[in-house]
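Notes for the structure review
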Amino acid sequence: QEQLVESGGGLVQAGGSLRLSCAASGRSFSTYVMGWFRQAPGKEREFVARSGWSGTYYADSVKGRFTISRDNAKNTVYLQMNSLKPEDTAIYYCAASSLFSSDLNNKYDYWGQGTQVTVSS
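These remarks concern the structure in this document. (Residues numbered from 1 in each chain as written. Predicted model: local features only at pLDDT ≥ 70, side-chain atom pairs only at ≥ 80, totals over all residues. Heavy atoms only, no water.)

Per the stated rule, a full pass over the model turns up one disulfide. Covalently, Cys-22 is tied to Cys-94 through a disulfide, its sulfur atoms 2.1 Å apart. The sign of the S-S torsion, about -75°, decides the handedness of the disulfide formed by Cys-22 and Cys-94: left-handed. Of this pair, Cys-22 sits in strand β3 (residues 18–25) while Cys-94 sits in strand β9 (residues 90–97), placing them 72 residues apart in sequence. Comparing Cys-22 with Cys-94 shows no difference in burial state: the two are buried. (Disulfide = S-S within 2.5 Å. Helix = DSSP H or I, 4+ residues; strand = E, 2+ residues; numbered from the N terminus. Buried < 20%, exposed > 50% of the residue type's maximum accessible area, 1.4 Å probe, protein only.)

What follows is the structure, given as structure tokens:
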């Protein structure tokens, strides 16, 4: 059974860094588009970053601060988050899409359970 498991979230001060990991299992996700999304309290889930056959893409709000990378041999995708801001506070989700390179939630087939990131001011 396919599974995505996020880790690495936590509490950090503004300006700090965190590295999220998403370990995939159940199949090889090397050909999938892997994405990171986040959902803050009271807000809709939003796109953060993705990596796939067409390259890497970022939301404007994180461009220059976050970096997505993947290790296909380990079936793992990462999100390095630097210069964190209080507005980055959210639950961060990893997702995988077999067909689409997209910012849209509904184009992704598999989702992790999420990891909480809290940035204090």
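Once you've had a look at it, read on.
On to the nonpolar core. Within soluble globular proteins, side chains that are nonpolar generally end up buried alongside one another. Counting 33 residues, the largest nonpolar core has Trp-36, Leu-79, Met-81 and Tyr-92 as its most contacted members. Residue assignment for this core shows that the elements contributing at least two residues are β3, β4 (33–39), β5 (46–52), β7 (66–71), β8 (76–81), β9 and β11 (115–120). In terms of residue count, the dominant contributor to this core is β9 (five residues). The contact partners of Met-81, leaving out residues within four places of it in the chain, are Gly-16, Ser-17, Leu-18, Leu-20, Arg-65, Phe-66, Tyr-92 and Val-117. (Core = buried A, V, L, I, M, F, W, Y, C linked by side-chain atoms within 4.5 Å. Contact = heavy atoms within 4.5 Å.)

Alternating residues of β11 divide into Thr-115, Val-117 and Val-119, all buried, and Gln-116, Thr-118 and Ser-120, none buried. In terms of strand pairing, β9 meets β11 through three bridges, oriented antiparallel. Bridge pairing links Tyr-92 to Thr-115 in β11. (Pairing = 2+ DSSP bridges.)

Any link to function would need more than the numbers given here.
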